[in-house]
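Next come the chains, spelled out residue by residue.
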Amino acid sequence: MKNKTILITGSTDGIGKLAATKLAKNGHNIILHGRNAEKLTRVKEEIKSLTKNDNIVGYVADFSILEEVRHMASKIKEDHSTIDVLVNNAGVFKVANPISANGLDIRMVVNYLAPYILTDELIPILERSDNPRIINLSSAAQETVLGRSLEKNVSLSDNQAYAQSKLAILLWSFDFARKHKFITTIALNPGSLLNTNMVKEAYGKFWSPADKGADIIIDIAINPKYADKSGQYFDNDKGDFGQAHPDAYQSDKIEALISKTEELLGN
Ligand SMILES: NC(=O)c1ccc[n+]([C@@H]2O[C@H](COP(=O)([O-])OP(=O)(O)OC[C@H]3O[C@@H](n4cnc5c(N)ncnc54)[C@H](OP(=O)(O)O)[C@@H]3O)[C@@H](O)[C@H]2O)c1
C-alpha cells in the first residue's frame, strides 16, 4: 500500500496520539497537531524514536482561538501539496473556564467550529489526493444543537455543551459529504468511555482501552472498504455503521446549523 499523508488534530494525547503512533509505525507520513508547543515536540520525538519513522511533523494551534486554526491551515498549505486523510480528532469536554476568548462556549469552538474552519481551508490540498478521506470525531453523546449555544456568554453544562458540539460536527459531516462528493467523509463515535485523559477527568473510570478508538480511526483512514461510505456515521459501540441522532436526517436542522455557522464565521 502507498504511504499516505495523514493529519490528526489533537494528536498529543489520547486516541489521536495512539492512532498517529500506529500509523507512523506502518510507514505513513504523519502531521501531528497540539495546543502546547513543548508537548508537541516531545510527542513528535517520542513517535519518531519509537517507530523509526522520520516523516513526522507537527503544528501548534490552540483550537479555542479560531485565528490560530486559520494560521495553522495556511502553514500546512504552504508546506504540503497534498493531504490524503484529515482526522478531526481534537476535542474537549470538561474545562475550568468554559467561555473562550471570543465569548462562545469552548466545546462549541474546539469540537465544532475549529474543525469546520480547518477542513474548509484544507479542501484544495485534500482534493489533490487520489482518495481523500475525512474522519470527524463525534460521540455517542449527541444532543439537539440549540441556536443559543452558538451565541456569546451562554451558560451550558459540560454534558450539554459536549453533546451539542458532537451532534454539530456530525450534522456538518453529513452536509459536507453531500457537498464534496470527491472526499469520503465519515462521522465516527470511536467507542464510549475509552481510557484517555478526557474520560478519566470526566468520569474517573473507563470501559475500554484507548486502542479501540485508535484502531477504528486507522481502519477508516486506510481501508479501501470505506471508500463508498461517505456521509455515514460509524458507531464503534456497535462496531458498524449505524443511526445517528434523529436531527441528522432532517435537512431543515442541518441547514439551520450551517447557516448559523456561516453567519457566525462571517462567510
Ligand atoms: N475517549 C472517549 O471515550 C471518547 C468517546 C467519544 C468521543 N471521543 C472523542 O475523541 C476525540 C479524542 O478524545 P480523547 O479521549 O483521546 O481525549 P484526550 O486524551 O483528552 O485528547 C484530546 C486531544 O485534543 C487536544 N486538545 C484539547 N483541547 C484543545 C485545544 N483547545 N486546542 C487544540 N487541541 C486541543 C488535546 O491536547 P493536549 O494533549 O494538550 O491535552 C489532546 O491532544 C475527542 O474529539 C473526543 O470528543 C472520545
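Our subject is the structure listed above.
Everything numeric in this text was worked out from a predicted model, so none of it was measured. Along each chain, residue indices are assigned from 1 in the same order as the chain's sequence is written. Side-chain atom pairs in this predicted model are given and counted only at pLDDT of 80 or more, local residue features only at pLDDT of at least 70, and totals for whole chains, interfaces and linings cover all residues.

Moving on, we come to the nonpolar core. Residues enter a nonpolar core if they are buried, belong to Ala, Val, Leu, Ile, Met, Phe, Trp, Tyr or Cys, and are joined to the set through C-beta atoms within 7 Å. With C-beta atoms placed from the backbone, a residue is labelled by how many other C-beta atoms lie within 10 Å of its own: buried for 20 or more, exposed for 12 or fewer, partly exposed between the two. Counting 74 residues, the largest nonpolar core has Ala114 and Ile217 as the members making the most contacts within it. Sorting elements by how many residues they give to this core places helix α4 (residues 106–126) first, with 13 residues. In this structure alanine 114 touches Phe63, Leu66, Val69, Ala90 and Val109, once residues within four positions along its chain are discounted. The way it works is that DSSP assigns letters per residue, a run of H or I at least four long becomes a helix, a run of E at least two long becomes a strand, and they are numbered from the N terminus. Our contact criterion uses C-beta atoms placed from the backbone: two residues qualify when those atoms are within 7 Å.

Here we come to the site of the ligand. Contacts to the ligand come from 31 residues, most closely from Gly10, Gly14, Phe63, Gly91 and Thr196. At the level of elements, α1 (14–25) and α6 (197–203) are the ones that each hand at least two residues to the shell around the ligand. Here the nonpolar group is Ala, Val, Leu, Ile, Met, Phe, Trp, Tyr, Cys and Pro; Asp, Glu, Lys and Arg are the charged ones; every other residue, Gly included, is treated as polar. By residue class, the composition of the shell around the ligand is eleven nonpolar, 16 polar and four charged. A residue counts as near a molecule or strand when its C-beta atom, positioned from the backbone, falls within 6 Å of it.

Before going further, it helps to examine unusual backbone geometry. One non-glycine residue, lysine 52, lies in positive phi territory at about 60°. In this fold, lysine 52 is placed in the loop between α2 (37–51) and β3 (56–60). The residue leucine 193 is not glycine, and still its phi comes out positive at about 50°. By secondary structure assignment, the location of leucine 193 is in the loop between β6 (184–189) and α6.

What follows concerns the sheet that holds strand β7 (residues 232–235). Strand pairs in the sheet, formed through backbone hydrogen bonds, run parallel or antiparallel to each other. Only strands that DSSP links by at least two bridges are regarded as paired with each other. The strand order β3-β2-β1-β4-β5-β6-β7-β8 describes an open sheet built from eight strands, whose pairing is mixed. Unpaired on one side and paired on the other, β3 and β8 (240–241) mark the two borders of the sheet. Relative to strand β4 (residues 85–88), strand β1 (residues 5–8) is paired through three bridges, and the arrangement is parallel. Looking at the pairing, isoleucine 6 lines up with valine 85 of β4. To get an axis, a line is fitted to the C-alpha atoms, and for a helix only the part in contact is used. The angle between two axes follows their N-to-C directions and goes from 0 to 180 degrees. The sheet contacts of α4 involve β4 and β5 (133–137), and relative to β4 the element is tilted by about 180°.

Turning our eyes to something else, we now look at α4. Of all bends in α4, the biggest is about 35°, found at leucine 113, and the proline proline 115 comes one to four residues later. With 17 of its 21 residues buried, α4 lies for the most part within the structure. What the bend at a residue measures is the angle between two axes, fitted to the seven residues ending there and to the seven starting there.

The next point concerns the packing of α4 against helix α5 (residues 158–179). Two elements in contact, α4 and α5, have axes separated by 7 Å at closest approach and are oriented at 20°. Comparing their axes, α5 and α4 come out roughly parallel. In the packing of α4 onto α5, the handedness of the crossing is right-handed. Two secondary-structure elements touch here, α4 through Arg107, Met108, Asn111, Tyr112, Pro115, Tyr116 and Thr119 and α5 through Ala161, Tyr162, Ser165, Lys166, Ala168, Ile169, Trp172 and Phe176. By residue class, the composition of the contact of α4 with α5 is ten nonpolar, three polar and two charged. Convention used here: angles under 35 degrees read as roughly parallel, angles over 145 as roughly antiparallel, angles from 65 to 115 as roughly perpendicular, and any remaining angle as oblique. Crossing handedness: left-handed means the near helix sits turned counterclockwise from the far one by under a right angle, and right-handed means the same turn made clockwise.

Purely geometric numbers; function is a separate question.
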